[in-house]
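Observations on chain architecture
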Amino acid sequence: MADDVLRPFRLDGRTALITGIGPGIGEHVALAYAAAGARIVACSRTAAKVEDLAARIEAAGGTAIGVAADVSRADDVERLLDEATARFGPVHVLFHNATGGGVGRRQDSLDLSTEDWSEGVAIHLTTPFRMAQALIPGMREAGGGSIINVLSTAGFTPVPGIGAMAYGATKAGLEMLTRYLALECGPEVRANCLCPGTIDPHGETRPVWEPILGKIPMKRVGFAQEVAGAALFLASDASSYITGQTIFVDGGRVNAGSGM
């Protein structure tokens, strides 16, 4: 009985491409997908990060490659997708977690540079569009696929003082882009968003977050592993009738909290 319930969450025979690998959400999602049977293509700007993660997955009995790429650059995106498909064939799951736009520098948004703005547009809008163009035909030929774009609570409620205008505005645009993908690429391909809140790899609170915690119904920082569970759900057949949606893993911060 337990096997019947858990079987839809498996990703055996599928290839998952995860951008934005780091010590947080991207890494935990890659490990969860590998544990569920997927072949992993891990992408980060830093070669050491993706190579280490791929080695850990392989050592645990999984299958993975690491590709160092800057997804704000069109040529890097093309190389990433070429390497993924050359090694494993069609990509069945895209988890786009890479981010940019100058957020987190403790500055006013109007002090952002045009380069910060361009980076946010490139990573949160142009790259997901290009990836969809490149990957969806293969997903359709393979019988289906799942695109998961990672949002931010800053895309729903303005956050002052951290230079989040480019970041938040383009993350908000990413939600609409994803809804268009859901509309125009079904029924074979599903497209959804995942919106994490205040997340730390180990659920540890940082001083900058302390003013926020009282406004979060769960009254704590989230663990990266708590995001990975929702990411596995959206990637798998367990969510086979879900598309065009945003799932919040934010402790209630956006929809039940008391502001930022």
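Described in the following lines is the structure provided in the data block. (Residues numbered from 1 in each chain as written. Predicted model: local features only at pLDDT ≥ 70, side-chain atom pairs only at ≥ 80, totals over all residues. Heavy atoms only, no water.)

**Digging into a nonpolar patch on the surface**
Quick reminder of the rule: Patch membership requires over 30% relative accessible area and the absence of a salt bridge. Like charges are linked within 9 Å, and nonpolar side chains (Val, Leu, Ile, Met, Phe, Trp, Tyr) within 5 Å. Here the accessible surface of atoms and residues is derived via Shrake-Rupley with a 1.4 Å probe, and residues count as covered only by protein chains that are part of the display. The rule for a salt bridge is simple: a side-chain nitrogen of Lys or Arg has to be within 4 Å of a carboxyl oxygen of Asp or Glu. What counts as a helix is a DSSP run of H or I of at least four residues, what counts as a strand is a run of E of at least two, and both are numbered from the N terminus.
Together, Leu110, Trp117 and Met165 make up a nonpolar patch on the protein surface, roughly 350 Å² of accessible area in all. Within the secondary structure, Leu110 is located in the loop between strand E4 (93–96) and helix H5 (114–141).

**What about helix H8 (residues 224–235)?**
The condition is simple: The span one expects for a helix is its residue count, reduced by one, times 1.5 Å. Each residue is assigned to one of three classes by its accessible area relative to the maximum for its type, calculated with a 1.4 Å probe on protein chains only: buried under 20%, partly exposed between the two thresholds, exposed over 50%.
Relative to the 16 Å expected for twelve residues at 1.5 Å per residue, H8 spans 17 Å between its end C-alpha atoms, a close match to the ideal helical length. Looking only at H8, the buried set comprises Ala224, Val227, Ala228, Ala230, Ala231, Leu232, Leu234 and Ala235.

**Re unusual backbone geometry**
Geometrically, the link from Gly186 to Pro187 is a cis peptide bond, its omega value of 5° lying close to zero. Structurally, Pro187 can be placed in the loop between helix H6 (165–185) and strand E6 (189–196). With phi around 60°, Lys219 is a residue other than glycine that occupies positive phi space.

**Concerning the environment of Gly143**
For Gly143, the location among the structural elements is in the loop between H5 and strand E5 (145–150). Measuring from C-alpha to C-alpha, the distance between Gly143 and His92 comes to 9.0 Å, with 51 residues separating the pair along the chain.

**Details of the packing of aromatic side chains**
Put simply, the rule reads: Two rings from Phe, Tyr or Trp (for Trp, the six-membered ring) form a pair when their centres are within 6.5 Å of each other. A pair whose planes differ by under 30 degrees is stacked, one over 60 is edge-to-face, and the rest are tilted.
According to the stated counting rule, one finds three aromatic pairs in the structure shown. Taken together, a centroid distance of 6.5 Å and an interplanar angle of 40° make the contact between Phe9 and Phe233 tilted. With a gap of 224 residues between them, Phe9 in the loop between helix H1 (2–6) and strand E1 (15–19) and Phe233 in helix H8 connect regions that are remote in the sequence. The exposure class of Phe9 is partly exposed, given its relative accessible area of 30%.

**Some thoughts on the packing of helix H4 (residues 74–88) against H5**
Selection rule: Angular values range over 0 to 180 degrees, each being the angle between N-to-C directions of two axes fitted as lines to C-alpha atoms, with helices fitted over their stretch in contact. In this scheme, a crossing is called left-handed if the near helix is turned counterclockwise away from the far one by less than a right angle; it is called right-handed if the turn is clockwise. The criterion used for residue contact is that any of the two residues' heavy atoms lie within 4.5 Å. Gly counts as polar in this scheme, as do all residues outside two lists: the nonpolar Ala, Val, Leu, Ile, Met, Phe, Trp, Tyr, Cys and Pro, and the charged Asp, Glu, Lys and Arg.
Relative to each other, H4 and H5 sit at 35°, their axes nearing to 11 Å. Along this stretch, H4 crosses H5, giving a crossing that reads as right-handed. Note on element contacts: H5 touches H4 through Thr127, Arg130, Met131, Ala134 and Leu135, opposite Ala74, Val77, Leu80 and Leu81. Classifying every residue of the contact of H4 with H5 by side-chain character gives seven nonpolar, one polar and one charged.

**A short note on the packing of helix H2 (residues 25–35) against H8**
Inclusion rule: Orientation categories follow fixed angle ranges, with anything under 35 degrees roughly parallel, anything over 145 roughly antiparallel, 65 to 115 roughly perpendicular, and all other angles oblique.
In contact at an axis separation of 8 Å, H2 and H8 are set at 50° when each is read in the N-to-C sense. Judged on the interaxial angle alone, H8 and H2 are oblique. The handedness of the crossing between H2 and H8 is right-handed. Judged by residue contacts, Ile25, His28, Val29, Ala32 and Tyr33 of H2 engage Ala224, Gln225, Val227, Ala228, Ala231, Leu232 and Ala235 from H8. For the contact of H2 with H8, the class distribution of residues is ten nonpolar, two polar and no charged.

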